[in-house]
Amino acid sequence: MALLSICDPQIDALIRNEEKRLSETIDLIAAENHPAPAILEALGSVFAIKAAEGYPAARYHAGCDQADALENLAIERCRRLFGAEHANVQPHSGVAANWAVYFAVLQPGDRILAMRLSHGGHLSHGATASATSRCFSWAHYGVDPESEVIDYAAIEAMAARIRPQMLVAGASAYPRRIDYARLADIAAGVSALFMVDMAHIAGLVAADVIPSPVPHADFVTFTTYKTLGGSRGGVILCREKFRPAIDRSVFPGCQGTPALNMIAAKAVCFELAAQPAFRARQQQTIANARRMGRALEKRGYRLVSGGTDNHLVLIDLRPRGIGGDTAEKALADAGLFANRNPVPFDDAPPGRPGGLRLGAPAITARGMGPEEVDQIVEWIDRLLRHPQDLALRRSVREEVSALCRRFALPS
Ligand code: DSN
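This text gives an overview of the structure that appears in the document. Residue positions are given per chain, counted from 1 along the sequence in the order it is written. Local features in this predicted model are restricted to residues whose pLDDT is 70 or higher, and side-chain atom pairs enter the listing and the counts only when it is 80 or higher, whereas totals over whole chains, interfaces and linings include all residues. Just so you know, side-chain values use all the structure's heavy atoms and leave hydrogens and water out.

Quick look at the sheet that holds strand β5 (residues 111-115)
Strand-to-strand pairing in sheets goes through backbone hydrogen bonds, with the strands running parallel or antiparallel. Any two strands with at least two DSSP-identified bridges between them are counted as paired. Strands here mean DSSP runs of E at least two residues long; helices mean DSSP runs of H or I at least four residues long; both are numbered from the N terminus. The strand order across the open sheet built from seven strands is β4-β10-β9-β8-β7-β5-β6, with neighbouring strands paired in mixed fashion. Unpaired on one side and paired on the other, β4 (86-88) and β6 (137-141) mark the two borders of the sheet. If you compare each strand with its neighbour and ignore which way they point, the axes differ by 20 degrees on average. Sheet topology places strand β9 (residues 219-223) next to strand β10 (residues 234-238); five bridges connect them, and they run antiparallel. Each residue of the ladder has a partner; that of phenylalanine 219, found in β10, is cysteine 238. Working rule for contacts: check all heavy atoms of both residues, and any pair within 4.5 Å makes them a contact. Whenever a helix is involved, its axis is fitted only over the stretch in contact; in every case the axis is a line through C-alpha atoms, and angles between N-to-C directions fall within 0 to 180 degrees. Contacting β4, β9 and β10, helix α4 (residues 65-82) runs over the sheet at an angle of about 130 degrees to β4. Here helix α8 (residues 180-189) sits on the sheet and contacts β7 (166-169) and β8 (193-197); the angle it forms with β8, its principal contact strand, is near 150 degrees.

Pasting the structure below:
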């Protein structure tokens, strides 16, 4: 960074400011985490330079000896971590991984059945705003209106009616476990392929603290920067028989040269995720999310599905008469970062949804436990009781900074 401060002080200043923001505030965004600095070191390494189209031992550029060793190691570590037959570590993101799976085995216009965005699904699962919606014929399933848990009987009926070529599971705002065995049976019953996007929960799966989709699915996609605790990037796991189609679809189908620096960071992330300390951290992530949920309920908040089995909770703010956008802003001004989110059967516009999503991965990475979770919930409650009180935001922000000084970012 010493060089950057000389050659580009503006960018250097932005990096310093972002470091300060991270260390002095609390990250409750369920999709985020605090990676180990070793991961960022790999990301900023000379591997950022190399062009290496293709795969190990089959490149379209010369000078790839180290690149081949790197990618092979990343693939091997990833396969071992998740017990997968094949791993492609080249996708630049989770969305890129999903595109590559769709185009590996489907034709434009094919039918895909996936979880509805407003019930917790993901944009790249055929949401109207995503280009994926224009390439395939999507149908969406959701949660049961009473339990707010995935309605498997309804999925079975929809699958029988629609006869999709692919069934997609996985979510970005669903606090419960997913019954992969049941979904695999439903897919098999209509001869559909089965893909699981486990981006949010990949760390919990790697640590074996929740069930893995890998034995049940033909394809599993994920990102490395959420619960898995790495930096940004995507991965595809698949059965061996799909290896040629998946590899061709990633390169040259959907991407050009891989980002080898990202692959280096992914490899370090997989190595760290295989350590015993990582398992303890993932167990604590779930314990912290559960505690957060119970503490919120005690203060009268309604949680979607009544709680959580994973790293996030989704608060339904509609009974409180506060928009998710107002809540997000009040918390952010106080140094607590979370994000507004739709809740199932929410008819509010997307910019002003009725929910707030809170996640425990980043606070857990800082070593925070039950006492700090209770304190965070107390702040959230105070802020949401007086969502327009600017003085309150300022005073909570000071308390947040004081807590942050006791819990350094991972070093
Ligand atoms: N998928 C988005 C989220 O869950 O916040 C970003 O990764």
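Observations concerning the nonpolar core
We call a set of buried Ala, Val, Leu, Ile, Met, Phe, Trp, Tyr and Cys residues a nonpolar core when their side-chain atoms join them within 4.5 Å. The classification of residues rests on relative accessible area computed with a 1.4 Å probe and restricted to protein chains. Under 20% of the type maximum is buried, over 50% is exposed, and intermediate values are partly exposed. Of all hydrophobic cores here, the largest spans 64 residues; its most connected members are Phe82, Met198, Phe222, Leu228 and Leu237. It is helix α11 (residues 260-273) that contributes the most residues to this core, eight residues altogether. Phenylalanine 222 has contacts with Cys78, Phe82, Met198, Ala199, Ala202, Leu228, Gly233, Gly234, Val235, Leu237 and Phe270, leaving out every residue within four places of it along the chain.

Here's the deal with the pairing of β7
Residues Met166 and Val168 line one face of β7 and the alternating positions Leu167 and Ala169 line the opposite face, and both faces are buried. In this structure, β7 lies alongside β8, joined through four bridges in parallel fashion. Across the sheet, valine 168 pairs through a bridge with methionine 195, a residue of β8. Think of it like this: strands point away, you trace from the first strand over the helix to the second, and a clockwise trace means the crossover is right-handed. This β-α-β element, β7 to α8 to β8, shows right-handed connectivity.

What about the pattern of salt bridges?
We define a salt bridge as a side-chain nitrogen of Lys or Arg found within 4 Å of a carboxyl oxygen belonging to Asp or Glu. Tallying each qualifying case throughout the model produces 25 salt bridges. Of the charged contacts in the structure, one is a salt bridge between arginine 239 and aspartate 218, with a shortest N-O distance of 3.3 Å. Taken together, the residues arginine 239 in the loop between β10 and α10 (243-254) and aspartate 218 in the loop between α9 (202-206) and β9 connect sequence positions 21 residues apart. Judged by relative accessible area, which is 23%, arginine 239 ranks as partly exposed. A relative accessible area of 12% places aspartate 218 in the buried class. Arginine 382 is the partner of glutamate 399 in a salt bridge, and the nearest nitrogen-oxygen pair spans 3.2 Å. Taken as a pair, glutamate 399 in helix α16 (residues 390-406) and arginine 382 in helix α15 (residues 370-385) lie far apart in primary sequence, 17 residues in all. For arginine 382, a relative accessible area of 24% gives the class partly exposed. Taken together, the salt bridges that share partners define one network made up of Glu148, Arg302, Asp316 and Arg318.

Thoughts on the site of the ligand
We call a residue near a given molecule or strand whenever any one of its heavy atoms falls within 4 Å of it. Contacts to the ligand come from Ala31, His122, Ser172, His200, Tyr225, Lys226 and Arg357. Between histidine 200 and the ligand, the recorded distance is 2.6 Å, taken from a side-chain N or O atom to an oxygen atom. Whenever two N or O atoms come within 3.5 Å, that pair is a polar contact, provided that in protein one can donate a hydrogen and the other can accept it, and provided that, for residues adjacent in sequence, both atoms are side-chain atoms. The side chain of arginine 357 places a nitrogen or oxygen atom 2.8 Å from an oxygen atom of the ligand. Surface exposure here means Shrake-Rupley accessible area, sampled with a 1.4 Å probe, where a residue is shielded only by the protein chains that are shown. Burial of the ligand by the protein amounts to 69% of the accessible area it has alone, namely 230 Å².

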